[in-house]
Every structure is written in structure tokens, then in C-alpha cells.
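Each chain, written out:
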Amino acid sequence: IVSEKDLNETFFIEDELIDGHKKKVINIQSESESESVRQEKEISSCSQFGTKLGTIFTNPIYIFCTLTLSSLYFVLTAIQYWASDYLLVELNILDENKRLFSFSIVCLTSPTLGVLIGGAIISLIGGYKSKHSLLLCTIFSLLSGACTIPVPLVTSLLWFTICLWLVLFFGGMILAPLTGIIIS
């Protein structure tokens, strides 16, 4: 015979740490107790999330590395979108095959080599956890920025390609170490 009291009780199994071992525990609660426990867990979960989020947003290394990578991706996207038009309109490179070939070579080789060489250099100094890794990433970023300065001044495909290759190469050099720094 099942009474009305039995119908208002909730059974659930939880993992609890007892004497250093994880054990299954069966809990029996009334409907009102179950609801209050669920609400307390939700509040606790939200509080923990807010604390973790606050920890992330008060970490300047995380914030600046994330902003740096976001800026890098923004610039790379702009370069990929506008470079072939720039070659046509500003440098008057009318041969489409020439424009696409030079741009393709730059986009395929420079970031790839930048990531590989940047990762190798960072590994040589002790990895992304080294105290010098941020300094080296700053130097790579400054070199990438410096290579953008002559871009509007050059008038030949060769010099434009060289400048663009260096911009993407030094940008690629910061990608692996900054990603490692952010993750750690």
C-alpha cells in the first residue's frame, strides 16, 4: 500500500566523498525539501560562475593576450579581404593570376612559417610559461607593426609582397605562445 506521503517524496542518488572515496548515496527528501535544495544548488552554481568570471576579468595577462589575438585576427581578416583589391586599384596589377598567385603564396607560407618558427623560439627560451615569453611576443608584435609602415609607400608588387609577408610572419610568431599563455 502506497500512502500519499510516499508519493510526495523524491529519491535521488548522489556521489559523495566519504573517507576519501567516492560513494553513491541515496537521499530521500520531501517535495518541498527537494525544491529548496535545487534552488540552493542553482544559487551556489551561479555564485561560483560569477567568482570564476571575476577571476578571469581581473587577470590583466589574460585580458591583454586575448585582446592582442582578437586584434591579430581582425587585421588578418582585413588583409585577406582587401589585399587583392589593393593590388588592383592602388598598385595597378592588372594580371589577375599574378595578383592571386603572389597573395596566395604570402597567405600560405608566412603565417605557417611564423607559427612554426615562433613556437620553436618560444620553446628555446623555456616555453610559454617563461617570464621572457611575453617580452618576446611584444617584440614580434612590434616588428609586425613596423612592417606595416612602408606598405602604403611601396609602388611595386615585389615590395608589397615582402612587406605583407613580414607582417603575417611576425603575426604568426605570436599566435602559438599567446594561445598557450591564455590557456594556462
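Trainee: Provide a residue-level description of the overall build of the protein, including the pertinent values.
Mentor: Scanning the protein from terminus to terminus reveals six helices and two strands. Listing every helix and strand of the protein by position from the N terminus yields α-β-β-α-α-α-α-α. Burial analysis of the protein (184 residues in total) assigns 26% to the buried set. By sequence separation, contacts in the protein at least 24 residues apart represent 57% of the contacts at least 6 residues apart. For the protein, the exposed area adds up to about 12,700 Å²; of that, 66% sits on carbon and sulfur atoms.

Trainee: Account for the packing of helix α3 (residues 60-89) against helix α4 (residues 96-124), naming residues and giving values.
Mentor: With their axes 10 Å apart at the nearest point, α3 and α4 run at an angle of 145 degrees to one another. Where α3 crosses over α4, the handedness of that crossing is right-handed. From α3, I79, Q80, A83, S84, L87 and L88 reach across to α4, where they touch R99, S102, F103 and C107. Tallied by class, residues from the contact of α3 with α4 come to six nonpolar, three polar and one charged.

Trainee: Outline α3, supporting the account with residue identities and numerical values.
Mentor: Between its first and last C-alpha atoms α3 spans 41 Å; for 30 residues at 1.5 Å apiece the expected length is 44 Å, and the two agree. The largest bend along α3 reaches roughly 45 degrees and is located at W82. Residues C65, L69, L72, I79, A83 and L87 constitute the buried set of α3. On its buried face, α3 sits against α4, α5 (133-148) and α6 (157-183). The N-cap residue of α3 is N59: its side-chain oxygen and the backbone nitrogen of I61 are 3.2 Å apart.

Trainee: I'd love a proper account of the packing of aromatic side chains, names of residues and values included.
Mentor: Using the criterion set out here, one finds four aromatic pairs in the structure. A centroid spacing of 4.9 Å and a plane angle of 85 degrees characterise the contact between Y81 and W82, whose relative ring orientation is edge-to-face. Taking the relative accessible area as the measure of exposure, Y81 reaches 57% and is therefore exposed. Pairing F169 with F170 gives two aromatic rings, centres 5.3 Å apart and planes at 65 degrees, and the pair type is edge-to-face.

Trainee: How would you summarise unusual backbone geometry if you had to cite specific residues and measurements?
Mentor: Of note, the phi angle at N92 is positive, near 55 degrees, even though the residue is not glycine. Structurally, the position occupied by N92 is in the loop between α3 and α4. Accessibility expressed as a relative area gives 54% for N92, which makes it exposed.

Trainee: Requested: an account of the confidence of the model for the protein, with residues and values cited.
Mentor: Scored by pLDDT, the protein comes out at a mean of 83, with 75% of its residues at no less than 70. Segment residues 2-7: pLDDT under 50, and two contacts once partners within four positions in sequence are set aside and those in other chains are kept.

Trainee: Let's hear about α6: which residues, and what values?
Mentor: Because each turn of an α-helix spans 3.6 residues, side chains separated by three or four positions end up pointing in the same direction. With 27 residues, α6 should reach 39 Å at 1.5 Å per residue; the first-to-last C-alpha distance of 39 Å fits that figure. At L175, α6 is bent by approximately 25 degrees, the largest bend along its length, and proline P177 sits one to four residues beyond.

Trainee: Tell me what's going on with a nonpolar patch on the surface, and back it up with residues and numbers.
Mentor: Taken together, the side chains of F49, L53, I56 and F57 define a hydrophobic patch exposed on the protein surface, amounting to about 400 Å² of accessible area. Checked against the element boundaries, F57 lands in helix α2 (residues 31-57).

Rules used in this analysis
- Residues numbered from 1 in each chain as written.
- Predicted model: local features only at pLDDT ≥ 70, side-chain atom pairs only at ≥ 80, totals over all residues.
- Heavy atoms only, no water.
- Helix = DSSP H or I, 4+ residues; strand = E, 2+ residues; numbered from the N terminus.
- Buried < 20%, exposed > 50% of the residue type's maximum accessible area, 1.4 Å probe, protein only.
- Contact = heavy atoms within 4.5 Å.
- Areas by Shrake-Rupley, 256 points an atom, 1.4 Å probe, with all protein chains shown as cover.
- Axes fitted to C-alpha atoms, helices over the stretch in contact; angles between N-to-C directions.
- Left-handed = near helix turned anticlockwise from the far one by under 90°.
- Nonpolar A, V, L, I, M, F, W, Y, C, P; charged D, E, K, R; others polar.
- Expected span 1.5 Å × (residues − 1).
- Bend = angle between axes of the 7 residues up to and from the residue.
- Polar contact = N/O pair within 3.5 Å; in protein donor to acceptor, adjacent residues only side chain to side chain.
- Phe/Tyr/Trp six-rings, centres within 6.5 Å; stacked < 30°, edge-to-face > 60°.
- pLDDT = per-residue confidence, 0-100.
- Patch = residues over 30% accessible without salt bridge, like charges linked within 9 Å, V, L, I, M, F, W, Y side chains within 5 Å.
- Salt bridge = Lys/Arg side-chain N within 4 Å of Asp/Glu carboxyl O.

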